[in-house]
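Chain and residue survey
Here's the letter readout for the chains.
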Amino acid sequence: MESSCLLPRFPPTLAFLFFLLFCKATPGSSQQCLSQTFPKGRSFDHCEDLPQLGAFLHWSFRPTNSSLDLAFVALPATPSGWVAWALNPVGQGMIGAQALLAFRGAGGGMAVETFNLSSYSSVEPSPISMEVSGLEADVSGRLMRIFATVHVPSGKTSINHVWQIGGSMVRSKPGVHRLERPNLSSKGRLELQSAKMIFAGGTAGSWRTDWGILLPIGAALAFVPSERPVNRAWSCAFLCSQSFAYSIGIVSLFVGIHLGSKSLEVEYSTHQNLTWILLSLCGLQATPGSSQQCLSQTFPKGRSFDHCEDLPQLGAFLHWSFRPSNSSLDLAFVARPATPSGWVAWAINPVGQGMIGAQALLAFRGPDGGMIVETFNLTSYSSVEPSPISMEVSGLEADFSGEMMRIFATVGIPQGKTSVNHLWQAGGSMVGSKPGVHGTDFPNLNSKGRLNLQSNTMVRRLNLQSNTMVPAGATNNKNLKFQNHGIVNGITWGILLPIGAMLARYLKIYKPENPAWYYAHMSCQLFAYTIGAIGFFTGFQLRDPATAVNSGHRIVAYILFLLSSFQVAALLYTPQEGHRLRPQWNLLHKLIGATAVFLAVTNVLIGLSILKPGAVWMEGYISAVVVMGLLICVLESVINRKNSSDSNA
């Protein structure tokens, strides 16, 4: 049987265009703000879709008088809420901001006030340090809009700006806004002369160069003719890998161009997934290894613990041993303070999930430089004083190792408790024996979890009798890996693979001599296999050897991957038309393909039942499968009618 490589007959340009079609899940670069219009003939030179809170900014800057005409558009958290935009000439956050805040007045009409935000505790309408004229506000649909001309200090070429939305007003005072990631990240820098915005750290220039130029050069080198004979199997594999890397890199490039001028820290799931896939295709280690830093940590006085975990926030670590016989928890908590003169704390909260009610152990440096550790019964935010806690504590010590503070203790857990909440924190200053206020960034607000004292299963809990933890923080790394694993495999194996099979079955019915159906089928299947293989291998990082809950899912995945690998390998050794083995090859190819599609859909459903991402995901995928099934029924009936008409003719 003569072997052949099909890839050289496959136009790279067609592959590139086809991959772009299949990656249309990423948004285009068009901006919503371009379609917005305003009353009274207002128009602006520039506009930007702000990266957080679904807000928009329109502006024109006039250097002659250093004035900034603007329109700020945002959706309040509730219909009775508020929206605000501000310039901050002295910092990057809320304190020092000179704000314009719009809300509905008592009569239902729009009102807008200025606020000089000098503290978190006192937020009152007040004059601001910049001259403002033409200050107005209105409502368009559900969006509130602020119009103003702000006179920027002369000589300023760039200035920080922040924006925010809230859900309530108390007279003319805005209620507290949420402390979620979008609210805490709604800030940036406006370059007044270049009419450019930089959000949280810059543009995507170097990223564009790396993936938009260097990687395509590598793909182009693969097509340069060589005088030396090359193994055709290697050539096919190399060209295939480079083509996929090129296509995915370009798609991610376009998304990066759109987002890079806004923020490199925007949590944009599609962009993250495509970039992660790209790095994997290029052989880079995009995800951290499974080894834990805590395993290398040792302690004085012969201390050792049964288990340890790298906590997901603040670079902290927890070592522990739980003894059910006397309900005691031996622990070592290790964390880096925000500053060398700061503090670290770990706590159990028997009554809630946050700070109030927490029974805390807090370590800090004393006046002589030695380590001190105190207990704190945290009953309010305003009064944080050393005080006895409700749990029995023994062996309470603290020390300093390198840049890390360490707390050692044995805590008595109340008898009968099956689970308790735990939380940890780090701050930058001490006032006597009282800790200074810690940061309010995302890691600080999400440094918490739940300890399950009896169960051997881990669902967003730490099991004291096992050596694994899934924390309660919203940015749990393992949860994110599970999500990426599910998204990549659901799209590739669960959707693209069946679509690729349908393309081969139904596109060639009317014009079988046209090779377009073949290129479309092969492009879709190779794309699904290549990206799906990455999703398959990430499953190895997520499996738990101690449980057989997902063993069926793994077995089906192994079979599916082997069958799909056989299908891809068969492309390199396809009998030519007229070969005596071609009919058997066609039959085997179809049977294995149908089996692979069935297993792929089945395994996606199994995976969703394990991951439990919510009913909307399961229902959405089932709906997609039903739609594909109905489409197959319709197309099969069309084929039957066509075959009947052809036979009658």
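None of these values were measured; they are calculated from a predicted model.

Within the chain one finds 11 helices and 26 strands. For the chain, buried positions account for 45% of its 649 residues. For the chain, contacts bridging at least 24 residues in sequence account for 60% of all contacts bridging at least 6. Carbon together with sulfur atoms contributes 58% to the accessible area of the chain, which is approximately 32,600 Å² in total.

What follows covers the pairing of strand S20 (residues 393-401). One ladder, built from 7 bridges, connects S20 with strand S21 (residues 404-412); its direction is antiparallel. Following the sheet pairing, Glu397 is matched in S21 by Phe408. Hairpin connection of S20 to S21: 2 residues between the antiparallel strands, including Gly402 at a positive phi of 65°.

On the surface, Phe537, Phe540, Ile555, Tyr558 and Ile559 cluster together into a nonpolar patch covering about 450 Å² of accessible area. Only helix H8 (516-542) and helix H9 (551-572) provide two or more residues apiece to the nonpolar patch. Element by element, the count of residues in the nonpolar patch is highest for H9, at 3 residues. Note on placement: Ile555 falls in helix H9.

What follows covers unusual backbone geometry. The phi dihedral of Leu53 falls on the positive side, at around 65°, and the residue is not glycine. Looking at where Leu53 falls in the secondary structure, it is placed in the loop between strand S1 (46-49) and strand S2 (56-62). Backbone geometry at Lys301 places phi at a positive 60°, although glycine is not the residue there. By the secondary structure assignment, Lys301 is in the loop between helix H5 (269-281) and strand S14 (307-310).

We now examine helix H10 (residues 582-611). Taking 1.5 Å as the rise per residue, H10 with 30 residues should run 44 Å; its terminal C-alpha atoms sit 42 Å apart, in good agreement. Taken from the residues just after H10, Lys612 is the one with a positive phi, measuring 50°.

A word on the state of the cysteines. For the coordinates displayed, the defined rule picks out 2 disulfides. Paired by a disulfide, Cys33 and Cys47 hold their sulfur atoms 2.1 Å apart. In this structure, the disulfide formed by Cys33 and Cys47 twists by about 65° around the S-S bond and is classed as right-handed. Here Cys47 lies in strand S1 and Cys33 lies in the loop between helix H1 (12-22) and S1, a separation of 14 residues in the sequence. Taken as a pair, Cys33 and Cys47 share a single burial class, namely buried.

Here we take up the sheet that holds S1. One open sheet accounts for 5 strands, arranged S1-S2-S3-S8-S7; its pairing is antiparallel. Of all the strands in the sheet, the pair left with one neighbour each is S1 and strand S7 (132-140). Here the average twist between neighbouring strands, direction ignored, is 15°. Taken together, the 8 bridges between strand S3 (residues 67-74) and strand S8 (residues 143-151) define a ladder with antiparallel strand orientation. Residue pairing for S8: Val73 is matched across the bridge by Arg145.

Before going further, it helps to spend a moment on the environment of Pro79. Tracing the sequence through the fold places Pro79 in the loop between S3 and strand S4 (82-88). Sequence spacing of Pro79 and Gly167 is 88 residues, and the spatial spacing of their C-alpha atoms is 7.6 Å. The residues contacting Pro79, other than those within four sequence positions of it, are Arg104 and Met144.

Following the sequence through the fold, Asp69 ends up in strand S3. Of note is the side chain of Asp69, whose polar atom sits 2.7 Å from the side chain of Thr149.

If you look at the biggest cluster of nonpolar residues, it comprises 29 residues, and the most contacted ones within it are Leu68, Leu70, Phe72, Val83 and Trp85. At the level of secondary structure, the elements contributing two or more residues to this core comprise S2, S3, S4, strand S5 (98-104), S8 and strand S9 (158-166). Among residues more than four places away in sequence, those in contact with Phe72 are Leu50, Ala55, Phe56, Leu57, Val83, Ala84, Trp85, Met144, Arg145, Ile146 and Trp163.

Next up on the list: the environment of Pro388. Among the structural elements, Pro388 can be located in the loop between strand S19 (371-377) and S20. Spatially, the C-alpha atoms of Pro388 and Gln359 are 8.7 Å apart, while their sequence positions differ by 29 residues.

A large share of S21 lies buried, amounting to 7 of its 9 residues. For strand S16 (residues 328-335) and S21, the ladder comprises 8 bridges, and the chain directions are antiparallel. Looking across to S21, one finds that Leu329 is bridged to Val411.

Let us now look at the sheet that holds S14. With antiparallel pairing, 5 strands are arranged side by side in an open sheet as S14-S15-S16-S21-S20. Both edges of this open sheet fall to S14 and S20, since each of them pairs with a single strand only. Going from strand to strand, the sheet's axes swing by 15° on average, the running direction of each strand aside. Of the pairings in the sheet, the one linking S14 to strand S15 (residues 317-323) comprises 4 bridges and is antiparallel in character. The partner of Cys308 across the bridge, within S15, is His319.

Moving on to the packing of aromatic side chains. A full pass over the atoms with the stated rule returns 10 aromatic pairs. Pairing Phe38 with Phe44 gives two aromatic rings, centres 5.7 Å apart and planes at 90°, and the pair type is edge-to-face. Judged by relative accessible area, which is 12%, Phe38 ranks as buried. Within the aromatic cluster, the residues linked to one another by ring pairs are Trp493, Tyr529, Phe536, Phe537, Tyr558 and Phe561. Positioned over the ring face of Phe147 is Arg42, at 4.0 Å from the centre of the ring.

Here the focus is the pattern of salt bridges. Counted under the stated rule, the structure contains 12 salt bridges. One salt bridge connects Glu403 with Arg336, and the closest N-O pair in it is separated by 3.0 Å. In this pair, Glu403 is assigned in the loop between S20 and S21 and Arg336 in the loop between S16 and strand S17 (343-349), connecting sequence segments 67 residues apart. Here Glu403 falls in the exposed class, since its relative accessible area comes to 52%. Put simply, Arg505 and Glu636 hold a salt bridge, and the shortest N to O gap is 3.0 Å. Residue Arg505 is located in helix H7 (residues 477-506), and its partner Glu636 is located in helix H11 (residues 615-648); the two are separated by 131 residues in the primary sequence. Assessed through its relative accessible area of 22%, Glu636 is described here as partly exposed. Residues participating in the shared-partner salt-bridge network are Lys40, Arg42 and Glu136.

Predicted confidence across the chain gives a mean pLDDT of 75, with 71% of residues reaching 70 or more. Per-element averaging of pLDDT across the chain places H1 at the bottom with 39 and S8 at the top with 94. Contacts from residues 221-235, a stretch scored under 50 in pLDDT, to residues over four places away or in other chains number 8 contacts. Low confidence marks residues 454-476, where pLDDT is under 50. Its contacts with residues over four positions away, or in another chain, come to 69 contacts.

Reading guide: rules and limits
Sequence order as written defines the numbering, with residues in each chain counted from 1. Under the rules for a predicted model, residues below a pLDDT of 70 receive no local features and side-chain atom pairs below 80 are neither given nor counted, while totals for whole chains, interfaces and linings still include all residues. The side-chain quantities take in all heavy atoms of the structure and omit both hydrogens and water. Runs of E in the DSSP output that reach at least two residues are strands. Runs of H or I that reach at least four are helices, and both are numbered from the N terminus. Classification of residues uses two cut-offs on accessible area relative to the type maximum, computed with a 1.4 Å probe and protein chains only: under 20% is buried, over 50% is exposed, and between them is partly exposed. By definition in these notes, contact holds between two residues if any of their heavy atoms fall within 4.5 Å. Using the Shrake-Rupley algorithm and a 1.4 Å probe, accessible areas are obtained, with residue cover drawn only from the displayed protein chains. What makes two strands pair is DSSP finding at least two bridges between them. Without a salt bridge and with relative accessible area above 30%, a residue can belong to a patch; like charges are then joined within 9 Å and nonpolar side chains (Val, Leu, Ile, Met, Phe, Trp, Tyr) within 5 Å. Salt bridges, as used here, are contacts in which a Lys or Arg side-chain nitrogen is within 4 Å of a carboxyl oxygen on Asp or Glu. A helix's residues, less one, multiplied by 1.5 Å, set its expected span. Note that a disulfide, as used here, is simply two cysteine sulfur atoms within 2.5 Å. Axis geometry follows a simple rule: fit a line to the C-alpha atoms, using only the stretch in contact for helices, then measure angles between N-to-C directions, giving values from 0 to 180 degrees. In protein, a polar contact means a hydrogen-donor-capable atom and an acceptor-capable atom, both N or O and within 3.5 Å, with residues adjacent in sequence counting only if both atoms are side-chain atoms; elsewhere, any N or O pair within 3.5 Å suffices. The nonpolar core is taken to be a set of buried Ala, Val, Leu, Ile, Met, Phe, Trp, Tyr and Cys residues, with the residues joined through side-chain atoms within 4.5 Å. Stacked, edge-to-face and tilted labels apply to pairs of Phe, Tyr and Trp rings (six-membered ring for Trp) whose centres lie within 6.5 Å, assigned for plane angles under 30 degrees, over 60, and everything in between, in that order. Only Lys NZ and Arg CZ are tested; either one counts as a charge over a ring when it is within 6 Å of the ring centre and within 35 degrees of the ring normal. Per-residue confidence from the predictor is reported as pLDDT, which spans 0 to 100.

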